[in-house]
Amino acid sequence: MKAIEFRLPKEFDKSFIVFNEKGSHFPCPWHYHPEFEFVLVNRSTGKRMVGDHIGYFEAGDLVLMGPELPHVWVNDNIYLENKHHEAADATVIHFTSDFIGQDIFRIPEFSSLIEILNLSSRGIHIKGKESKSIADIMNNMIFESGLKRLASIFEIFDIICSMRDYDLLASPNFNTNKTSVNSRHSRINNYILRNYHKPITLKEVADEANMATTTFCNFFKEQYRMTFVEYVTQIRIGHFCKLISEDDKSILEAAYICGFNSIANFNRQFKKIKGMSPSEFKRTVDVN
């Protein structure tokens, strides 16, 4: 299933795109684009795929995705067959990192936002009270213009900078076109990406980060919200999913390419992380 590039036309008098998608179902196929994107589902249910994540959406579902991250929202059959009494309805925002100037995200006040935008390379499912607040702002933005519209997106940025109730969707580094928050993160990520296909020890990566092993373990758990071993496993599984989705590799071949020397361990870890077997995942992406 090869993702296609999809671009939306931008209005000459607006710096970013806000639109309402309404119809019997959401028509866009498995795709990617260079913009960041908020997707708010107002009505409809179905399956959403973000990178190698497969989940389910319903009214109120809100996701932020970074540039080039492939995704699709597939409505349930009752919508696809036009049997539901209400139309599928979503509000969408597209914006680029330079939508109001090349240097705007370099100012100190944007440091927290940059961290969130880096995380969006995996897709962020926003939940809780922040989701409701952002949903209200997004749906009002459809009718706004000028400085009011610009102020609204900054209000959204302010909310996501302090949010705590969210899930990251795709595996770490499934989409490798991301930037890291700082040089230490960059060194860690780059080392893992260069070596994930072979055994990696804690000491090797701790040395790369110029940290003692115990200090590195504590730092990693705090910064990445998982252990080092869990992170490497997720990277391997993310790359496996990319191979299966785009290069049509067999399950066994892709697993070994990604650093799994035991197929039994691979199957166990995959089901733990993805909630389905590798063969079920392959069937899903082949259909979509």
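Residues numbered from 1 in each chain as written. Predicted model: local features only at pLDDT ≥ 70, side-chain atom pairs only at ≥ 80, totals over all residues. Heavy atoms only, no water.

Trainee: I would appreciate a short explanation of the overall build of the protein chain in the present structure.
Mentor: Of the regular secondary structure elements, the protein chain holds 11 helices and 11 strands. The C-alpha radius of gyration of the protein chain comes to 20 Å, within 12% of the 19 Å expected for a compact globule of 288 residues. Along the first, second and third principal axes, the C-alpha atoms of the protein chain reach 55 × 50 × 30 Å. A burial count over the protein chain gives 46% of its 288 residues as buried. Taking as baseline every contact in the protein chain between residues at least 6 positions apart, the subset at least 24 positions apart corresponds to 71%. Positive and negative side-chain charges of the protein chain, numbering 34 and 36 respectively, have mean locations separated by a distance of 5 Å. (Helix = DSSP H or I, 4+ residues; strand = E, 2+ residues; numbered from the N terminus. Rg over C-alpha atoms; globule rule 2.2 N^0.38 Å. Buried < 20%, exposed > 50% of the residue type's maximum accessible area, 1.4 Å probe, protein only. Contact = heavy atoms within 4.5 Å. Lys, Arg positive; Asp, Glu negative; His and termini not counted. Charge placed at Lys NZ, Arg CZ, Asp CG, Glu CD.)

Trainee: Looking at this model, I keep getting lost on the pattern of salt bridges. Mind explaining?
Mentor: Close approach of charged atoms allows side chains of opposite charge to pair. This model, assessed by the stated rule, comprises nine salt bridges. The partner of glutamate 81 in a salt bridge is lysine 83, and the shortest N-O contact between them spans 3.2 Å. (Salt bridge = Lys/Arg side-chain N within 4 Å of Asp/Glu carboxyl O.)

Trainee: Is there a simple way to think about the nonpolar core in this case?
Mentor: Most often, soluble globular proteins keep nonpolar side chains buried together rather than apart. Judged by nonpolar contacts, the single largest core of 52 residues is most densely connected at Trp73, Ile188, Phe216 and Phe240. Looking at this core, the element that brings in the most residues is helix α8 (residues 228-247), giving nine residues. Discounting residues that sit within four places of it in the chain, phenylalanine 216 has contacts with Ile188, Leu202, Val205, Ala206, Ala209, Met211 and Phe228. Residues Phe99, Phe110, Met138 and Tyr166 belong to the second largest nonpolar core, which totals 29 residues. (Core = buried A, V, L, I, M, F, W, Y, C linked by side-chain atoms within 4.5 Å.)

Trainee: What's the story with a nonpolar patch on the surface in this structure? I'm lost.
Mentor: Taken together, the side chains of Leu252, Tyr256 and Ile263 present a nonpolar region at the surface, about 260 Å² in accessible area. Relative to the elements of secondary structure, isoleucine 263 occurs in helix α10 (residues 263-274). Isoleucine 263 sits in the partly exposed class, given a relative accessible area of 32%. (Patch = residues over 30% accessible without salt bridge, like charges linked within 9 Å, V, L, I, M, F, W, Y side chains within 5 Å. Areas by Shrake-Rupley, 256 points an atom, 1.4 Å probe, with all protein chains shown as cover.)

Trainee: Hey, could you run me through the environment of phenylalanine 154 in this one?
Mentor: One can find phenylalanine 154 in helix α4 (residues 146-162). The partly exposed category is assigned to phenylalanine 154, whose relative accessible area is 29%. With residues near it in sequence (within four places) discarded, phenylalanine 154 still touches Phe99, Ile100 and Phe110.

Trainee: Any chance you could explain the sheet that holds strand β2 (residues 17-23) here in plain terms?
Mentor: Note on sheets: strands pair through backbone hydrogen bonds, and any given pair is parallel or antiparallel. Within the open sheet, the six strands sit side by side as β2-β9-β4-β7-β10-β11. Their pairing is antiparallel. The sheet terminates laterally at β2 and β11 (166-168), the two strands that pair on one side only. Averaged over neighbouring strand pairs, the angle between their axes works out to 20° when direction is ignored. In this structure, strand β10 (residues 124-126) lies alongside β11, joined through three bridges in antiparallel fashion. For isoleucine 124, the partnering residue across the bridge sits in β11 and is leucine 168. (Pairing = 2+ DSSP bridges. Axes fitted to C-alpha atoms, helices over the stretch in contact; angles between N-to-C directions.)

Trainee: Is there a simple way to think about α10 in this case?
Mentor: Since there are 3.6 residues in each turn of an α-helix, residues three or four apart along the chain are aligned in direction. The end-to-end C-alpha separation of α10 is 16 Å, in line with the 16 Å expected for 12 residues at 1.5 Å each. For α10, the full list of buried residues reads Phe266, Phe270 and Lys274. All buried residues of α10 fall inside an arc of 35° around its axis, so they share one side. Of the exposed residues in α10, those oriented more than 90 degrees away from the buried face are Arg268, Lys271 and Lys272. Following α10 by one or two positions, glycine 275 adopts a phi angle in the positive range, close to 75°. (Expected span 1.5 Å × (residues − 1). Arc of directions from axis to C-beta.)

Without other data, these values stay purely geometric and don't point to any function.
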